[in-house]
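# Close look at the chain arrangement
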Amino acid sequence: MALFLNSTGYNNTANGYSALYSNTTGTGNTANGAGALYSNTNGSFNSANGLSALYFNTTGYNNTANGVNALYNNSTGSGNTANGFIALQANSTGWGNTANGYEALASNTTGSLNTANGIGALLNNTTGSFNTANGVFSMSGNTTGTGNSTLGYHSLLLNTTGSLNATLGYYA
């Protein structure tokens with residue numbers, strides 16, 4: 001049932017039950033894993049590796065998702081990279097985000113141009129943009145704060161809405 005509805009899409013690769021199932025005109029996609037890129041209709045140049053990676057993507061393009069449920073809710077967001085279990089899972093329209101690590105940017109919905117490296121980095125971010133968090137659970141409490149930059153274990157941990165902060169160090 002991989003590429004089941006494909007009509008004019010070309011240069012697609014699908015491996016796994018229902019991978020790229022809804023694709024009609026999308027081009028240059030790669031889906032490996034059951035349900036990977038399942039809802040994609042005309043999104044192009046996406047790569048999904050893992051169970052249900054990029055599952056709800058419809059028209060988003062140039063996304064890379066590696067891991068179970070990585071970029072799961074992405075619909076139209078583009079240029080995102082998610083590596084790790086549920087990385088960028090809630091993202092719907094956010095674009096230009098990079099999440100590396102288990103639960104990195106997992107709650108992000110519309111926030112854009114964020115970078116999260118580490119387990120739980122920017123975990124609760126929903127709409128905040130232009131943030132950079134490096135370290136385990138760094139900025140994990142951030143929800144809407146914008147323009148923050150932090151490096152270190154649990155750094156800016158309790159920041160929720162604050163913006164334009166920069167920290168360096170353990171629990172900074």
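Since the structure is predicted, the reported quantities are computational estimates derived from the model, not experimental observations. (Residues numbered from 1 in each chain as written. Predicted model: local features only at pLDDT ≥ 70, side-chain atom pairs only at ≥ 80, totals over all residues. Heavy atoms only, no water.)

### Points about the overall build of the protein chain
Of regular secondary structure, the protein chain possesses 0 helices and 10 strands. Tracing the protein chain from N to C terminus, the helices and strands come up as β-β-β-β-β-β-β-β-β-β. For 172 residues, the compact-globule estimate of 2.2 N^0.38 gives 16 Å, and the protein chain sits close to it at 16 Å. Projected onto its principal axes, the C-alpha coordinates of the protein chain cover approximately 50 × 20 × 20 Å. For the protein chain, the proportion of its 172 residues judged to be buried stands at 48%. (Helix = DSSP H or I, 4+ residues; strand = E, 2+ residues; numbered from the N terminus. Rg over C-alpha atoms; globule rule 2.2 N^0.38 Å. Buried < 20%, exposed > 50% of the residue type's maximum accessible area, 1.4 Å probe, protein only.)

### Some remarks on the sheet that holds strand E2 (residues 30–32)
What the 10 strands build is an open sheet, ordered E1-E2-E3-E4-E5-E6-E7-E8-E9-E10; its pairing is parallel. Where the open sheet ends on each side, the last strands, each with one partner, are strand E1 (13–15) and strand E10 (166–168). For this sheet, the mean angle separating the axes of adjacent strands, direction not counted, is 5°. Two strands pair when backbone bridges link them, and strand E3 (residues 47–49) and strand E4 (residues 64–66) are joined in this way by 3 bridges, in the parallel orientation. Opposite Ser 47, over in E4, you have Thr 64 as the bridge partner. (Pairing = 2+ DSSP bridges. Axes fitted to C-alpha atoms, helices over the stretch in contact; angles between N-to-C directions.)

### Notes on the packing of aromatic side chains
Scanning the entire structure with this criterion turns up 10 aromatic pairs. Ring centres of Phe 56 and Tyr 72 lie 5.2 Å apart, and the angle between their planes is 85°; on these two criteria the pair is classed as edge-to-face. Here Phe 56 is found in the loop between E3 and E4, whereas its partner Tyr 72 is found in the loop between E4 and strand E5 (81–83), with 16 residues between them in sequence. When its relative accessible area of 35% is taken as the criterion, Phe 56 is described as partly exposed. Ring centres of Tyr 153 and Tyr 171 lie 5.7 Å apart, and the angle between their planes is 75°; this geometry places the pair in the edge-to-face category. (Phe/Tyr/Trp six-rings, centres within 6.5 Å; stacked < 30°, edge-to-face > 60°.)

Shape is all these values report; function is a separate question.
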